[in-house]
Amino acid sequence: EKGVCKMAFMFNQGKLIIRNGTIVNADRQFKSDVYIEDGIIKQIGESIRVPEGVQEVDATGKLVMPGGIDTHTHMQLPFMGTVAVDDFYIGTKAALAGGTTMIIDFVLGARGKSLLESYEQWRKWADEKVCCDYSLHVGVTWWSPQVSDEMEVLVKEKGVNSFKTFLAYKGVFMLRDDELLKVFQRCKEIGALAQVHAENGDIIAEKSQEMIDHGITGPEGHEMCRPEEVEAEATKRSITIANQVNCPLYIVHVMSKSAADEISSAKRKGSVLFGEPIAASLGTDGTNYWHKCWRHAAAYVMGPPIRPDPSTPGYLMDLLCNGDLDCTGTDNCTFSGNQKALGKDDFRRIPNGVNGVEDRMSVVWEKGVYSGKMTPCRFVDVTSTTAAKIFNLYPRKGVIAVGSDADIVVWDAEASRVISAKTHHQAVDFNIFEGLECHGVPVYVISQGKVVVDNGKIDVQKGSGRFIPRQPWCNHVYSRVAQRDKVNKPQKVEREPYTGPVIQLPPQ
């Protein structure tokens, strides 16, 4: 099969031991062996005795960490007249190459289309191709009683516990504020997590036409028509609406300092809120939109845009390190240079999306741990554990513990690599992190208890990944919400009926 490395890794069927490594979980790190049977971690301890014939991975001098969870991908997404080039096979293969062992993709059906039908379509696309475990968020791109009913079915029967809304892409995905309120109310009723793409779609529609009227048709117009205050406004608005119904909220792809500040401020006031920066906002900046080469500039076009303020990546990393932001995704939605060229005469027609699923772990390590801002434990937290907790996958995922899935990355903190489109495993012909030297490399990647990456060599099987259903009413998300509902229930004031004078209004 084209693209699959047919290597014969000499690992005993179903049994594996990782020797002499340093386990890094979100709460602590310690030296230990890890013994795995049938895809499950069975034993953790020093000098574990195992039966003869068990295959061994030597992790001496290496870190043994939970595999990454990418909270935000769009594999083979039909969008803006074309389809993303990283399909569920190529995309998940690339994820594994970089140390990510699970993705959560988005079902995004057209306005008016059944959420259940869209969900089944995505399952069909994914199940036959995925190389690693995956789950699905579902986008709510329109509102009706049917949508409300289908959200409940998705939660109760289909393993979905998160729903994404859009305040951008007017006429395509965007909801009005009253519709957003209804979606948030419904999420609260069924124990799901509401998510929002926070930009002001009305302003973007007006300002993008303004750019065209001024003769600005290139990629720089994309950023200029959606400045960061437009992202910040929508972030604050969505938080305000969610707070009115005490609905927990997850802000996807936090791209700007202004939007991050709104999240930080709301958290300090007690909002149950989660912020997700992505590899792109942490690892590069939007000055590339002004590059003289159109094809180069267009490669960075995504929504919200990567910000041209060069201090943004460091600022977002600081907030990620201190807990104001929570976990990391990629918004991996890749289009080739030829696909991007659909917008060569009008930036509004450039398909939005960038890479990241393969490089997220390395970018976060480089910008966080190697820079001295982040501990290895916090790295595990923001690349795996917190995501597992928010989306109710923990402790099956996101931790190296007895009984957890054996999704593991053996990480060499001393090694380095240079990111390049010439060597990455994604289908896209450009890499927004081109030339970035990253200290920290996945040496072995173990998925479902099998070694799928061995010193850069990949051995995966199309369709071997599993759909992982997620239950509602996640304690990490809803425990505070439930208590607030009890103690903050509105109370009427008991008083005597008013019997005084009342003015008479003139007849209308």
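With that out of the way, let us pick up the sheet that holds strand 11 (residues 162–166). On the basis of which strands lie adjacent, the open sheet formed by seven strands has the order 6-9-10-11-12-13-14 and parallel pairing. Each edge of the open sheet carries a strand with a single partner, namely strand 6 (68–73) and strand 14 (273–277). This sheet shows a mean twist of 25 degrees between the axes of neighbouring strands, independent of strand direction. Note that strand 12 (residues 193–197) and strand 13 (residues 249–254) share three bridges and pair parallel. Residue pairing in the sheet places V196 in a bridge with I251 of strand 13.

Of all six residues in strand 6, six are buried; the element is thus mostly enclosed. As paired elements, strand 6 and strand 9 (residues 100–107) share four bridges and run parallel to each other. By the bridge assignment, I69 is partnered in strand 9 with M102.

Further remarks concern the side chain of D326. Considering the arrangement of structural elements, one finds D326 in the loop between helix 11 (312–322) and helix 12 (337–340). Given the relative accessible area of 11%, D326 is considered buried. Looking at D326, its side chain comes within polar contact range of the side chain of K267, at 2.7 Å. Within polar-contact distance, the side chain of D326 engages the backbone nitrogen of G275 at 2.8 Å.

The next thing to look at is the packing of helix 8 (residues 257–268) against helix 11. It is the contact of helix 8 with helix 11, at a shortest axis distance of 10 Å, that shows an interaxial angle of 15 degrees. Between helix 8 and helix 11, the crossing angle belongs to the class labelled roughly parallel. Handedness of the crossing formed by helix 8 with helix 11: left-handed. On helix 11, the residues touching K257, A260, D261 and S264 of helix 8 are T312, Y315, L316 and L319. When the residues that make up the contact of helix 8 with helix 11 are grouped by side-chain class, the tally is four nonpolar, two polar and two charged.

Before going further, it helps to spend a moment on the confidence of the model for the protein chain. Confidence in the prediction for the protein chain averages 96 pLDDT; 98% of positions are at 70 or higher. Taken together, the stretch residues 1–12 has pLDDT below 50 and engages in 27 contacts with residues farther than four places along the chain or on a different chain.

The omega torsion of the bond from G303 to P304 falls at -10 degrees, within 30 degrees of zero and hence cis. Cis geometry marks the peptide bond from Y394 to P395; its omega dihedral reads 5 degrees. Following the sequence through the fold, P395 ends up in the loop between helix 14 (376–390) and strand 15 (408–418). Not every positive phi belongs to a glycine, and Q76 is a case in point at roughly 45 degrees.

What follows deals with the side chain of R237. Secondary-structure assignment places R237 in helix 7 (residues 228–244). Look at R237 and you get buried, because its relative accessible area is 19%. One polar contact links R237 to D177, side chain to side chain, over a distance of 2.6 Å. Other than its neighbours up to four places away in sequence, R237 contacts L167, D177 and N200.

Considering all chains together, one arrives at 15 aromatic pairs under this definition. One aromatic cluster is present, formed by F79, F166, Y169 and F173 through successive ring pairs. Seen from the ring of F30, R28 lies directly overhead, with NZ or CZ sitting 4.0 Å from the centre. Across the ring face of F467, the terminal group of R123 is positioned such that the distance to the ring centre comes to 4.0 Å.

Moving on: helix 11. Buried within helix 11 we find T312, P313, L316, M317, L319, L320 and C321. Those residues of helix 11 that are buried are in contact with strand 13, helix 8, strand 14, helix 9 (279–283), helix 13 (360–370) and helix 14. A positive phi of about 95 degrees marks G323, the residue just after helix 11.

Rules and cut-offs
- Each chain carries its own residue numbering, running from 1 in the direction its sequence is written.
- With the structure being a predicted model, the display of local features is reserved for residues of pLDDT at least 70 and the display and counting of side-chain atom pairs for 80 or more, all residues being used for whole-chain, interface and lining totals.
- Neither water nor hydrogens contribute to the side-chain values; these are computed over all heavy atoms in the structure.
- The pairing criterion is simple: DSSP has to find at least two bridges between the two strands.
- In this description a helix means any DSSP run of H or I spanning at least four residues, a strand means any run of E spanning at least two, and both kinds are numbered starting from the N terminus.
- Fitted lines through C-alpha atoms give the axes, limited to the stretch in contact for helices. The angle between two N-to-C directions lies from 0 to 180 degrees.
- Buried, partly exposed and exposed residues are distinguished by accessible area as a fraction of the type maximum, computed with a 1.4 Å probe on protein chains only: under 20%, between the cut-offs, and over 50%, respectively.
- We call two N or O atoms a polar contact when they sit within 3.5 Å, provided that within protein one can donate a hydrogen and the other can accept it, with sequence-adjacent residues counted only if both atoms are side-chain atoms.
- Should an angle lie under 35 degrees it is considered roughly parallel, over 145 roughly antiparallel, and from 65 to 115 roughly perpendicular; all remaining angles are considered oblique.
- It is the rotation of the near helix from the far one that decides the hand of a crossing: anticlockwise by less than a right angle makes it left-handed, clockwise makes it right-handed.
- In what follows, a contact means two residues having at least one pair of non-hydrogen atoms within 4.5 Å.
- Three residue categories are used. Nonpolar comprises Ala, Val, Leu, Ile, Met, Phe, Trp, Tyr, Cys and Pro, charged comprises Asp, Glu, Lys and Arg, and polar comprises the others, including Gly.
- Think of pLDDT as the predictor's per-residue confidence, scored from 0 to 100.
- In this scheme Phe, Tyr and Trp rings, the latter by its six-membered ring, pair at centre separations within 6.5 Å, and the angle between planes marks the pair as stacked below 30 degrees, edge-to-face above 60, and tilted otherwise.
- In this analysis the charged atom, NZ for Lys or CZ for Arg, is taken to sit over a ring once it is within 6 Å of the ring centre and within 35 degrees of the ring normal.

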